[in-house]
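Report on the structure
In case you want the letters, here they are:
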Amino acid sequence: MTYATSRADDVALVDLLDRLLAGGVVITGDLTISLADVDLVHISLRALISSVEKLLEQ
Amino acid sequence: MSDHSVYLYAIGDAAIADSEVLVDTTGVDAVAVHTLVEGPLAAVVASVDRDRFSEESIRTHLEDLEWLEKVARTHHEVVDRIARVHPIAPVRMATIYLDDAGVRQLLRDRAVELAATLDRVRGRSEWGVKGYAAPVETSAAEPAASASDAPGTSYLMRRRTERDRVARRRERVAETAEKLHQEFAQLAADSRVYPLQDPRLTGRREEMILNVAYLVDEAGAAALAQRVDAATGNELRLELTGPWAPYSFTSLGES
């Protein structure tokens, strides 16, 4: 399988956050940063949206 | 008390420990990444400052897009480098242990599940398919109202007709997307449907109508790419992303 395309820098942040925040092996670390899936995705999306809106306002 | 914690990126075969792939790779806190081996499994970890990566600090930072993006991209970079060469089970972002012993304990306690997860993704990779409904062109040349129409009535009629047309098309495109997803899923060992992304985040005028990840082997990936290409039309635009490390298919305890 070729890994020629879609490497780290090209990846859209929103696609990455889909995977990093809602995917992956879910293990409770020593630091229980209880990353409640949905909450976290919402938090991050809210952060994204508000930053996009700030950009638009400028 | 130690002033650092251990950030866990991914779990793979013990062979990763002998691999060149992690040379010169640094983690989210700019410290070199290394492996911890327990039996057949290796954990990919790097040290992070205990205060900067405390629960409270992370919680505060999650709304800081610059921080979030930097950590997400670095985490991805580490995982991605390994995934190009080795089967790997990425761990969710910001999974942190107080010391190496905690990570080693995890590798021992959940060895069976972790090995099964690795076996499921072995020889396979993840591809994303996103579908967008092309924007509907509103008819510029509207038919002139006939003389007998009351002007208000005919305007409302036209508006309603237009609205119905848009709704019907959206329904049609959504049905097509769903059928295609069922077809793509046949090529895959597994699939995972993600929520549709907000247009403000995709930066596209088209409405997203499909957002799915597929776990495919090499032949499946080729077939998927070919089908996505062939199925992209005027009304439904499909986009393929990947290959991704199998982020969407590494939940423990699932088959």
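Residues numbered from 1 in each chain as written. Chains lettered and ligands numbered in written order. Predicted model: local features only at pLDDT ≥ 70, side-chain atom pairs only at ≥ 80, totals over all residues.

1. Quick look at the overall build of chain B
Rules: Only DSSP runs of H or I reaching four residues or more are called helices, and only runs of E reaching two or more are called strands; each is numbered from the N terminus. Only C-alpha atoms enter the radius of gyration; for comparison, a globular chain is expected to reach 2.2 Å times N to the power 0.38, where N is the number of residues. The contact criterion used is a C-beta to C-beta distance within 7 Å, with each C-beta placed from the backbone.
A tally of regular secondary structure across chain B gives 7 helices and 8 strands. Here chain B has a C-alpha radius of gyration of 24 Å; the compact-globule value for 255 residues is 18 Å, and the former is much larger. Projecting the C-alpha coordinates of chain B onto the three principal axes gives extents of approximately 85 × 40 × 30 Å. Considering only contacts within chain B whose residues lie at least 6 apart along the sequence, 77% involve residues at least 24 apart.

2. Points about the pairing of strand β2 (residues 34–38) of chain B
All names here are of chain B. Heads up, the condition is: Strands qualify as paired when DSSP identifies two bridges or more between them.
Where β2 meets strand β3 (residues 41–49), 5 bridges bridge the pair, whose relative direction is antiparallel. Its bridge partner being in β3, H34 is matched across the sheet by V45. Connecting the antiparallel pair β2 and β3 is a turn made up of 2 residues, with G39 showing a positive phi of about 60°.

3. Quick look at the domain arrangement of chain B
Many structure descriptions define interface size as the accessible area lost when the parts assemble. Residues and elements named next belong to chain B. For the record, the criterion: What marks off one domain from the next here is an automatic or database domain assignment. When residues are sorted by character, Ala, Val, Leu, Ile, Met, Phe, Trp, Tyr, Cys and Pro go into the nonpolar class, Asp, Glu, Lys and Arg into the charged class, and all the rest, Gly among them, into the polar class.
We note that the domain assignment places domain 1 (4–121) and domain 2 (125–249) within chain B. Taking the mean C-alpha position of each, domain 1 and domain 2 sit 35 Å from one another. Looking at the side of domain 1 that touches domain 2, the elements with two or more residues in it are α2 (65–83), β4 (88–97) and α4 (111–121). Per-element tally for the side of domain 1 that touches domain 2: the top contributor is α2, with 3 residues. When grouped by side-chain class, the residues that make up the side of domain 1 that touches domain 2 number 5 nonpolar, no polar and 2 charged.

4. Notes on the sheet that holds strand β7 (residues 207–216) of chain B
Residues and elements named next belong to chain B. Which entries qualify depends on this criterion: Note on definitions: angles span 0 to 180 degrees between N-to-C directions of axes, and those axes are lines fitted to C-alpha atoms, for helices only across the stretch in contact.
Taken in spatial order, the 4 strands of this open sheet run β6-β7-β5-β8, and their pairing is antiparallel. This sheet does not close on itself; its edge strands, each paired only once, are β6 (190–193) and β8 (236–244). Direction aside, neighbouring strands of the sheet carry axes that sit 20° apart on average. Taken together, the 4 bridges between β6 and β7 define a ladder with antiparallel strand orientation. Looking across to β7, one finds that V193 is bridged to V212.

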